Amino acid sequence: MLEIKNLHASVEGKEILKGINLEVHVGEVHAIMGPNGSGKSTLASVLAGSNTFEVTKGSIHYLGENLTELPPEDRARKGIFLGFQYPVEIPGVSMVNFMKTALNEQRKFKNLEPVSASDFLKLMREKKEIVEITSSLTNRSVNEGFSGGEKKKNEIFQMAILEPKLAILDETDSGLDIDALRIVAKGVNKLRNKDNATIIITHYQRLLEYIVPDFVHVMYKGNIVKSSGKDLALELEEKGYDWLKE
Amino acid sequence: MNLEQGKILDQVTSNEYKYGFYTDIEIDSLPKGLNEEIIRMISEKKKEPKFMLEFRLKAYRHWKTMKMPTWAHLQLPEINYQDIIYYAAPKSITKYQNLDEVDPELLATFEKLGIPLGEQKHLTGVAVDAVMDSTSVKTTFRETLAELGIIFCSFSDAVKEHPDLVKKYMGSVVPYTDNYFAALNSAVFSDGSFCYIPKGVRCPMELSTYFRINAFNTGQFERTLIIADDESYVSYLEGCTAPKRDENQLHAAIVEIVTHESAEVKYSTVQNWYPGDKEGKGGIYNFVTKRGICKGNNSKISWTQVETGSAITWKYPSCILKGDNSVGEFYSVAVTNNHQQADTGTKMLHIGKNSRSTIISKGISAGKSQNSYRGLVKVLKTADNVRNYTQCDSLLLGDQCGAHTFPYLEIDNESAIIEHEATTSKIGEDQIFYCNQRGIDTENAIGLIINGYAKEVLNKLPMEFAVEARKLLEISLEGSVG
């Protein structure tokens, strides 16, 4: 599904990603771990098509198509979803309006009719349960005045509505208390199936107790330095990241 | 702002003005130029009573002593007042009683503008006075309204049919001596709308005036006068468009509102005059004096405006809060794009005790435009316990436009509580990327963010108008950001 080859990316001339190689197949969950500043979030942004970063070398193939020239909205419409580490606030734009616009844009891309208002509200009700989000939250403006935990839940809620093929969750666990963490993890697990894939970016092993990955990769200084099964996460928890520097 | 976005920003294109067509109908117009002779001819054409001619001449003589003001934050070109036609009317209009008599070309024009003049087509319950160039073409629902004692007609008809009301109120809120353009308007105004709501009547439908400039080289000078008697209520809408022309055209109107005890008037404008092309050629100069007086205790005037058109907008819909406990409100969204300029805001003059005012101004600047908020809150010695809340926000799209705020406070009573908040922001790249990542392209993302930004004001508009206004905001900014 996703094939990243020798990916280099930089911001303002400074190279952050230095030759990433990664393959993700449908039905898999990959965890990317690593110390702060190792380039994890940059990788997530580059996959989503942020123009803050410039891809200088290498390729990203998604469902057989080279992504590097594709604008972010088209990547999204093709089923790539990024759960943001810091979801932005959009004052005055209600969650309902925002999600309806997003869903209909994605449907238009697939030559589908827009959803009717009543169908959409039904869909929202259904999906709200997955992340145990309250009604009042969806009536408010996008992320405006949301607590850290609410913002993260809201990301998973959006993911539930858009049903992406490839979800990239960037530090979705950071700043969550244990209850919120459980809810978010439950949501992710519910949405997981044999036709989609998930990349979880995290600093701590904690989240991986709830979402069991098939593979764990360790990033350090812009590269993936170690890949292994889920036990690697436990090893990291025990040893920390210091051994990487040796 | 990165390079990519900067590039797209420059492509200020596809800003298509939908109403730029011209209707080819026979026009009865006076020669260019302004002098006493022209004014006499206008008055004669309109078969006006003598008091009107005298009013006009007094105004004209006063205007001649005045100079065009220059204090606004605007690049104002010289206007040659002798090069303007002051009266142009679709020919043979003697005010249609019956729709069948209306020139089909005219009907088609208003139909095209989305203003059907056939009453049977009106499902929304909006009564319309349609004004083309210097004349009111048709006022709908006159009879229905008359049954409630509501007078809704063209200004010309009011002069003839209700001279006492006109004499009593015309110029009582905006005297001809008020300012340069008010004097000019008072001298040459040709038509407009008149509305009187009698005591205790709540007007059952929205009243609206639709202004259309059609003829060449013509200035549009209309007057609107709204009087709400004790305990009455009316919601009033005003819309306007003009054909695309390379020349600038002058629109200098006056709107006067009077509310008596416990009466309320809600006045909403969606101003969409032709803004000129993207190089800044052509467009309407919109220099309008709008003012209301809350004469009676517990009365209320509320201005809501969505300003997207005009090459230059220069106006301050204001409230004189004379009655005790009276309320003045001003909600505004002003959008400027390309080379448009706007210097707009409000004045709240607190005279009555416990009078309150709210000002919410949202400026949006794009392209190379300049957008200024200018507002005065004045509290007189007599006015105890006044409250004012002002919020003025500016949103910048790109880095070649300007947003300016000029708040003036003159407070002569210590019991007043005045709050002022101002913000300036840019649409964040991170906001756009967030929308992009959900599958919303940049154009739509901007529309979404802008509408969210202006929501507080748009929510004040009557329903049908709000939908129009939302679309208009998006169209006005189309192609302005990447």
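Since the model is a prediction, treat every value here as computed from it, not as a measurement.

Quick notes on the rules
Residues numbered from 1 in each chain as written. Chains lettered and ligands numbered in written order. Predicted model: local features only at pLDDT ≥ 70, side-chain atom pairs only at ≥ 80, totals over all residues. Helix = DSSP H or I, 4+ residues; strand = E, 2+ residues; numbered from the N terminus. Rg over C-alpha atoms; globule rule 2.2 N^0.38 Å. Buried ≥ 20, exposed ≤ 12 C-beta atoms within 10 Å, placed from the backbone. Contact = placed C-beta atoms within 7 Å. Pairing = 2+ DSSP bridges. Axes fitted to C-alpha atoms, helices over the stretch in contact; angles between N-to-C directions. Nonpolar A, V, L, I, M, F, W, Y, C, P; charged D, E, K, R; others polar. pLDDT = per-residue confidence, 0-100. Left-handed = near helix turned anticlockwise from the far one by under 90°.

## Quick look at the overall build of chain A
Reasoning step 1: A count of helices and strands for chain A gives 8 helices and 12 strands.
Reasoning step 2: Scaling as 2.2 N^0.38, a compact globule of 246 residues should have a C-alpha radius of gyration of about 18 Å, and chain A matches this with 18 Å.
Reasoning step 3: Principal-axis analysis of the C-alpha atoms gives chain A an extent of 55 × 40 × 35 Å.
Reasoning step 4: Counting every position in chain A, which comprises 246 residues, the buried fraction comes to 42%.
Reasoning step 5: Look at the contacts in chain A between residues 6 or more apart in sequence, and 71% of them connect residues 24 or more apart.

## Considering the sheet that holds strand β5 (residues 65-66) of chain A
All names here are of chain A.
Reasoning step 1: Judged by pairing direction, the sheet is antiparallel, and its 4 strands sit side by side in the order β2-β1-β4-β5 without closing on themselves. Lying at the two open borders of the sheet, with one neighbouring strand each, are β2 (14-24) and β5.
Reasoning step 2: Pairing between strand β1 (residues 2-11) and strand β4 (residues 54-62): 7 bridges, direction antiparallel. Counted as the bridge partner of K5 is S59 from β4.
Reasoning step 3: Here helix α1 (residues 40-48) sits on the sheet in contact with β1, β2 and β4, set at roughly 70 degrees to β2.

## Remarks on the environment of B:F189
Residue and element names in this part refer to chain B.
Reasoning step 1: Looking at the secondary structure, you find F189 in the loop between α8 (180-188) and β6 (191-197).
Reasoning step 2: Using a count of 26 C-beta atoms within 10 Å as the deciding quantity, one classes F189 as buried.
Reasoning step 3: With 218 residues separating them along the chain, F189 and P407 place their C-alpha atoms 31 Å apart.
Reasoning step 4: In this structure F189 touches F221, E222 and R223, once residues within four positions along its chain are discounted.

## Digging into the sheet that holds strand β6 (residues 80-83) of chain A
Within a sheet, each strand pairs with its neighbour through backbone hydrogen bonds, oriented either parallel or antiparallel.
Residue and element names in this part refer to chain A.
Reasoning step 1: The 6 strands are arranged β6-β9-β10-β3-β11-β12 in an open sheet whose pairing can be described as mixed. Strands at the two margins of the open sheet, each flanked by one partner only, are β6 and β12 (223-228). Ignoring which end each strand starts from, the neighbouring axes of this sheet average 20 degrees apart.
Reasoning step 2: Note: strand β11 (residues 215-220) against β12, 5 bridges, orientation antiparallel. Bridge assignment links Y220 to a residue of β12, and that residue is N223.
Reasoning step 3: In the packing of helix α6 (residues 148-162) onto the sheet, contacts are made with β6 and β9 (166-170), and the angle to β6 comes to roughly 165 degrees.

## Structural notes on the interface of chain B and chain A
Reasoning step 1: In this complex, chain B contributes 19 residues to the contact, which on the side of chain A involves 22 residues.
Reasoning step 2: Sorting the residues of the side of chain B that touches chain A by element identifies α9 (429-437) and α10 (442-453) of chain B as the ones contributing at least two each.
Reasoning step 3: Considering each element in turn, the side of chain B that touches chain A owes the most residues, 6 residues, to α9(B).
Reasoning step 4: Grouping the constituent residues of the side of chain B that touches chain A by class yields 6 nonpolar, 8 polar and 5 charged.

## Some points on the confidence of the model for chain B
All names here are of chain B.
Reasoning step 1: Model confidence for chain B is summarised by a mean pLDDT of 83, while 81% of its residues fall at 70 or above.
Reasoning step 2: The secondary-structure element of chain B with the lowest mean pLDDT is helix α1 (residues 3-10), recorded at 38, while strand β16 (residues 318-321) shows the highest, at 97.
Reasoning step 3: When the criterion is pLDDT under 50, residues 1-15 qualifies, and its contacts beyond four places in sequence or with other chains add up to 28 contacts.
Reasoning step 4: This model gives residues 119-124 a pLDDT under 50, and the stretch forms 6 contacts once residues within four places in sequence are excluded.
Reasoning step 5: In the model output, the complex is listed with pTM 0.81 alongside ipTM 0.95.

## A closer look at the packing of helix α3 (residues 50-64) of chain B against α8(B)
Residue and element names in this part refer to chain B.
Reasoning step 1: Contact pair α3 / α8: the axes reach a minimum separation of 7 Å and the direction vectors enclose 145 degrees. The element α3 and its partner α8 pack so that their crossing is left-handed. Residues F55, R56, A59, Y60, H62 and W63 of α3 touch α8, and the partners they reach there are A183, L184, S186 and A187.
Reasoning step 2: A per-class count over the contact of α3 with α8 returns 7 nonpolar, 2 polar and 1 charged.

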